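Notes for the structure review
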Amino acid sequence: MENKEQIMEQAEEAVLHTYNRYPVVLDHGEGVYLYDTEGKKYLDFAAGIAVQALGYHYPGYDEALKAQIDKLMHTSNLYYNEPAAEAAEKLVKASGMSKVFFTNSGTEAIEGALKAARKYAYAKGRKDTYEIIAMNHSFHGRSMGALSVTGNEHYQEPFRPLVGGIRFADYNDLESVKAQFSEHTCAVILETVQGEGGIYPASEEFLKGVKALCEEHDALLILDEIQCGMGRTGHFFAWQEYGVKPNIMTCAKALGCGVPVGAFVLDEKTAAASLAPGDHGTTYGGNPFVCAAVSKVLDIFEQDQIVEHVQKVGAYLEEKLDVLVRKYDFIAERRGRGLIQGLEIQGRPVNEIVLKSLEEGLLVITAGSNVLRLVPPLVITEAHVDEMAEKLERAFAQLSAEQ
Ligand SMILES: *Cc1c(COP(=O)(O)O)cnc(C)c1O
């Protein structure tokens, strides 16, 4: 087998350098642990960026995928396939929404959601109702449409001109959303919990207020649940905690627990008067292989009560992190819900903490410029939370020893 340095060099030689990667070559996973090519073990509190909700090799998951490989990998959306029909039905049931369109990624789910919103207004004959209100510090993906609603100057700047008709407001500031609303507004898009921007949950007042504004103007509410959905907050979808149902919801990341799949899901009113045959399509999206994964994931969530488990272990994680917040001056605060948590770090480079954690055998990631992000597999136990806290404290100790 190639050694670590060789693999890193080979990658840097041939793979376009769009990531400053951590110096680790991951090889295999088991449960909530990952192992690198040198056999070093890591407790995984990153989960492939909130993807591996069930960890690695969850009972029944691999078998379901292998069985589908033996049957049929791909057909085309020109024909029906059973896994897609089943997966869509289960997603409709879990969300209480109406119709699903499967995509290959999160950013494509956003593209579809934006198109569905514009088509909804267009279909009603309101042809100059096309503006979309998005939030500052949001993240919705890297393709042109998704980038256009991502409120991050650094990500947007080199790629202008972007999609037109987008206005930005401040998250959790209802007045600023109101100020952008007009008869031209067709939709508001926001993350129920801002992820990449630094782990900011929406306030109840804000979310309810935005929903009311949308209803008043017959604009659509698009909630991006790509990171915070699929049980992560202790609710199947984060918006369920607020009782604010979106007109369009986007999913991806944990939806397939490791296979590339996303979805946008429409409520009844939007599904009835939006995208129609010829308006949208995809070659791979919703193919039998990825949908067999989605279908199995949704079965496991129900049978093994994954969401209920997150409520319990999430509460324990919050307690444990609050102890750290009180103990270390450089942790300004904890933000999050359930198993999407952020620690805001002051006066120390958060990337150093990530690197020291890596040395201690703990995978954590960052969000924004100064937030340590914890998005572990949803199947972690309290013992894993304790182990994480010990490793993190050892990483902190190394930092202060050097300073
Ligand atoms: C990751 C993410 C996306 C983009 O998903 P990709 O699969 O990387 O395209 C969009 N929105 C949110 C909230 C995300 O966390």
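Whatever comes next refers back to the structure up there.
What you see is a predicted model, and the numbers here were worked out from it, not measured in a lab. (Residues numbered from 1 in each chain as written. Predicted model: local features only at pLDDT ≥ 70, side-chain atom pairs only at ≥ 80, totals over all residues. Heavy atoms only, no water.)

With that settled, the discussion passes to empty space enclosed by the protein. Per the stated rule, a full pass over the model turns up one cavity of 30 Å³ or more. The computed volume of the largest cavity comes to approximately 30 Å³. Along its surface, the largest cavity is lined by Ala11, Glu12, Val15, Leu16, His17, Tyr19 and Arg21. Among the residues forming the lining of the largest cavity, the class breakdown is four nonpolar, one polar and two charged. (1 Å grid on protein atoms, 1.4 Å probe; cavity = no way out; pocket = protein on both sides within 12 Å on 5 of 7 lines; lining within 4 Å. Points joined across faces, edges and corners; volume = space filled by probe spheres on them. Nonpolar A, V, L, I, M, F, W, Y, C, P; charged D, E, K, R; others polar.)

Read across the sheet, four strands follow the order 1-2-3-15 without closing on themselves; strand pairing throughout is mixed. Bordering the open sheet on either side are strand 1 (26–30) and strand 15 (362–363), each of which pairs with just one other strand. Bridge count between strand 2 (residues 33–36) and strand 3 (residues 41–44): three bridges; the pairing is antiparallel. Paired with Leu34 across the two strands is Tyr42, which belongs to strand 3. (Pairing = 2+ DSSP bridges. Helix = DSSP H or I, 4+ residues; strand = E, 2+ residues; numbered from the N terminus.)

This paragraph deals with the site of the ligand. Taken together, Ser105, Gly106, Thr107, Phe139, His140, Gly141, Glu191, Asp224, Ile226, Gln227 and Lys253 make up all the residues around the ligand. Out of a free accessible area of 380 Å², the ligand has 82% covered by protein chains. The residue inventory of the shell around the ligand, partitioned by class, reads two nonpolar, six polar and three charged. (Near = heavy atom within 4 Å. Areas by Shrake-Rupley, 256 points an atom, 1.4 Å probe, with all protein chains shown as cover.)

Turning our attention to the nonpolar core. In terms of nonpolar packing, the biggest core is built from 86 residues, with Leu190, Phe301 and Met388 touching the most fellow members. Here this core gets nine residues from one element, more than from any other, and that element is helix 11 (residues 288–303). Per-domain counts for this core show at least three residues from each of domain 1 (4–58 + 305–402) and domain 2 (72–303). Beyond its immediate chain neighbours, meaning those up to four positions away, Met388 contacts Leu43, Phe45, Leu317, Leu321, Leu362 and Leu374. (Core = buried A, V, L, I, M, F, W, Y, C linked by side-chain atoms within 4.5 Å. Buried < 20%, exposed > 50% of the residue type's maximum accessible area, 1.4 Å probe, protein only. Domains from an automatic or database assignment. Contact = heavy atoms within 4.5 Å.)

Considering only enclosed or pocket space, the second largest pocket measures out at about 420 Å³ in volume. Forming the boundary of the second largest pocket are 15 residues, of which Asn77, Tyr79, Tyr80, Ala84 and Val100 lie nearest the centre. Counting only elements with at least two residues in the lining of the second largest pocket, the list comes to helix 4 (82–95) and strand 4 (99–103). When the residues that make up the lining of the second largest pocket are grouped by side-chain class, the tally is nine nonpolar, six polar and no charged.

On to the packing of helix 3 (residues 61–71) against helix 11. When two helices pack together, you describe them by how their axes are tilted relative to each other and by the distance separating the axes. Where helix 3 meets helix 11, the axes come as close as 9 Å, and the angle between the chain directions of the two elements is 155°. With respect to helix 11, the element helix 3 is oriented roughly antiparallel. Of the two elements, helix 3 crosses helix 11, and the hand of that crossing is right-handed. Contacts between helix 3 and helix 11 involve Tyr61, Ala64, Leu65, Gln68 and Ile69 from the first element and Pro288, Phe289, Ala292, Ala293, Lys296, Val297 and Ile300 from the second. Partitioning the contact of helix 3 with helix 11 into residue classes produces 10 nonpolar, one polar and one charged. (Axes fitted to C-alpha atoms, helices over the stretch in contact; angles between N-to-C directions. Parallel < 35°, antiparallel > 145°, perpendicular 65-115°, else oblique. Left-handed = near helix turned anticlockwise from the far one by under 90°.)

Another point: the pairing of strand 1. With four bridges connecting them, strand 1 and strand 2 associate as antiparallel partners. Bridge pairing in strand 2 links His28 to Tyr35. The loop that links strand 1 with its antiparallel partner strand 2 comprises two residues; one of these, Gly31, has a positive phi angle of about 65°.

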